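Examining the three-dimensional arrangement
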Amino acid sequence: MAQSAVGDPVSPAAKSNPYPAYAHLRATQPIHCVVLPNGRRRWLITRYADAERALCDPRLVKARPVDDLPDEVRPLVTSLISTDPPDHTRLRALVRKAFSPRLVERLRPRIQQIADELLDAVMPAGRMDLIDDYALPLPIMVIAELLGVASADSAQFRAWSNAFVADEPFSIGEPVPAWRRTALGEFSDYLRALFECKRADPQDDLVTGLVLAREAGDALSGDELLSTVAVLIVAGHETTVNLIGNGMRALLAHPDQLRSLIRDPRLIASAVEELLRYTGPSETTTFRYAGTDLQYNGVTIPQGDQVVIVLASANRDETRFARADQLDVTRTGNHHLGFGKGIHFCLGASLARIEGQIAISRLIHRMPDLRPAIPLDKLRWRPSMIMRGLPVLFTTR
């Protein structure tokens, strides 16, 4: 069994700078086993080639037993991110049209309007928390409008989202803390009330469409409706919040790259792809489980063991990316895995890309002299195994 002194580099304690540990694993133990406190095994896949293969491997399954979960959590684990075909295929078909690149492109003027309104609100003060004042409200407002959720309710989304992704996802054999059960119970209650409102007063929005699909037959079970909308709310803003926050932190830490982007705004598309690679919003994938004994890179992963694909490591693999540890906003041919690959490729990738491009380009256009208000090395990362993001990023002009 492959283990080493690096321990568990995807744990919250290793969040500030896991990249040296990832490089060590890629060089010495690319398929790395971590034995969890409950005695179960978690396998980390760290090289790009292995990660790309694993993301498309149908023998790595997402479904897991739910009978060990508390009542508040059980209905929330039958969504797109935790099911396999044919259920996954059916659920994805119900929502993918709303996130097609063509339809998402139509949102560009509204996204830019939201970005400018948020910047209008903070520019007179000359200081802001880039996360709470900008990176967080922008995607929450966009996904709320797309889903048909009252924007006044969006203040609760962050707390519920934290309960969804904090520390690590719901692991077999691990107890779910009381605070998470309470928050997720509140989230479920909110969604059930929302569904009743949509049944009584249908609107032209995605939640109404899913509710009506549920009413029309067996397209969605009650739990699938609940978990699908919950994941759309959480994933619909989490990825973009972290893309904007992580991206601006990286640009502020690399002023030459920031200046290049300010001088040539046409670089914004390649810059966002590079930020997704260099400091992407997802540290790892959600859990997969070996559906049978698997061989990866000469290592046997036993059936039933937990598998985590470390996207942050694969995207820094020096055998796949030249100067992998360098930020280069002009990089081309950037086939990063920031949004995954295969049937679980991020449904909202097109939306996140457009939001990231607009948010960063409008910010540096209107505040080209933006700088961090505190040293960047003093910032603390959120304690989530899956998501990589900052809770705060204070800036000044």
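What comes next concerns the included structure. (Residues numbered from 1 in each chain as written. Predicted model: local features only at pLDDT ≥ 70, side-chain atom pairs only at ≥ 80, totals over all residues. Heavy atoms only, no water.)

A few points about the sheet that holds strand E9 (residues 371-372)
Spatially, the three strands line up as an open sheet ordered E4-E10-E9, and their pairing is antiparallel. The strands lining the two open edges of the sheet, one partner per strand, are strand E4 (127-129) and E9. Both E9 and strand E10 (residues 394-396) contribute to a ladder of two bridges, which runs antiparallel. Bridge pairing in E10 links Pro372 to Thr395. (Pairing = 2+ DSSP bridges. Helix = DSSP H or I, 4+ residues; strand = E, 2+ residues; numbered from the N terminus.)

Regarding helix H3 (residues 87-95)
Of the positions making up H3, those classed as buried are His88, Leu91, Arg92 and Val95. The arc that holds the buried residues of H3, viewed along the axis, is 100°, so those residues lie on one side. (Buried < 20%, exposed > 50% of the residue type's maximum accessible area, 1.4 Å probe, protein only. Arc of directions from axis to C-beta.)

Looking at the pairing of strand E8 (residues 306-309)
Residues Gln306 and Val308 point to one face of E8 and Val307 and Ile309 to the other, with burial holding for every one of them. Sheet topology places strand E2 (residues 41-45) next to E8; four bridges connect them, and they run parallel. Across the sheet, Trp43 pairs through a bridge with Val307, a residue of E8. Pairing of strand E5 (residues 288-290) with E8, which is carried by two bridges, proceeds in the antiparallel orientation. Within E8, the residue paired with Arg288 across the bridge is Val307.

Things to note about the packing of helix H9 (residues 178-200) against helix H11 (residues 222-253)
Where H9 contacts H11, the two axes come as close as 10 Å, and the packing angle between them is 105°. When the interaxial angle is binned, H9 and H11 end up roughly perpendicular. Together, Phe187, Ser188, Leu191, Arg192, Phe195 and Arg199 of H9 and Leu225, Leu226, Val229, Ala230, Ile233 and Val234 of H11 make up the contact between the two elements. Here the residues of the contact of H9 with H11 are counted per class, giving nine nonpolar, one polar and two charged. (Axes fitted to C-alpha atoms, helices over the stretch in contact; angles between N-to-C directions. Parallel < 35°, antiparallel > 145°, perpendicular 65-115°, else oblique. Contact = heavy atoms within 4.5 Å. Nonpolar A, V, L, I, M, F, W, Y, C, P; charged D, E, K, R; others polar.)

Remarks on empty space enclosed by the protein
In the structure shown here, the tally under the stated rule is four cavities of 30 Å³ or more. Its boundaries defined by the atoms lining it, the largest cavity holds a volume of some 980 Å³. As for the largest cavity, its lining consists of 47 residues, and the residues nearest its centre are Lys62, Ile81, Val231, Ala235 and Thr286. Looking at the lining of the largest cavity, the elements that each hand over two or more residues are H3, helix H8 (157-165), H11, E5 and helix H15 (349-366). A per-element tally of the lining of the largest cavity places H11 first, with eight residues. Classifying every residue of the lining of the largest cavity gives 27 nonpolar, 13 polar and seven charged. In this model, the second largest cavity occupies a volume close to 60 Å³. Surrounding the second largest cavity, 13 residues form its lining, Leu276, Gly280, Ser282, Ala312 and Asn315 being those nearest its centre. Going through the elements one at a time, helix H13 (268-278) and helix H14 (311-314) are the ones with two or more residues in the lining of the second largest cavity. No other element matches the three residues that H13 contributes to the lining of the second largest cavity. A breakdown of the residues in the lining of the second largest cavity according to their chemical character gives six nonpolar, four polar and three charged. (1 Å grid on protein atoms, 1.4 Å probe; cavity = no way out; pocket = protein on both sides within 12 Å on 5 of 7 lines; lining within 4 Å. Points joined across faces, edges and corners; volume = space filled by probe spheres on them.)

Here we look at the pattern of salt bridges
For the structure shown, the criterion picks out 25 salt bridges. Across the pair Asp189 and Arg192 runs a salt bridge, and its minimum N-O distance is 3.8 Å. Linking Asp189 with Arg192, this pair stays in helix H9, spanning three residues, or about one helical turn. Assessed through its relative accessible area of 52%, Asp189 is described here as exposed. Note on Arg192: relative accessible area 40%, which makes it partly exposed. Through salt bridges with shared partners, a single network forms among Asp116, Asp120, Arg362 and Arg366. (Salt bridge = Lys/Arg side-chain N within 4 Å of Asp/Glu carboxyl O.)

A word on the packing of aromatic side chains
A full pass over the atoms with the stated rule returns seven aromatic pairs. Plain terms: the ring middles of Trp160 and Phe187 are 4.9 Å apart, the flat faces sit at 15° to each other, and that makes the pair stacked. One end of the pair, Trp160, is in helix H8; the other, Phe187, is in helix H9, and 27 residues separate them in sequence. Per residue, the accessibility class of Trp160 equals that of Phe187, and both read buried. Where Phe339 meets Phe345, the ring centres are 6.3 Å apart and the plane angle is 70°; that geometry is what we call edge-to-face. On the basis of relative accessibility, which here comes to 30%, the residue Phe345 falls in the partly exposed class. Taken together, Phe157, Trp160, Phe187 and Tyr190 form an aromatic cluster joined through their ring pairs. It is Arg316 that lies over the ring of Tyr19; its NZ or CZ is 3.8 Å from the centre. (Phe/Tyr/Trp six-rings, centres within 6.5 Å; stacked < 30°, edge-to-face > 60°. Lys NZ or Arg CZ within 6 Å of the ring centre and 35° of its normal.)

By themselves, these figures tell us nothing about what the structure is for.
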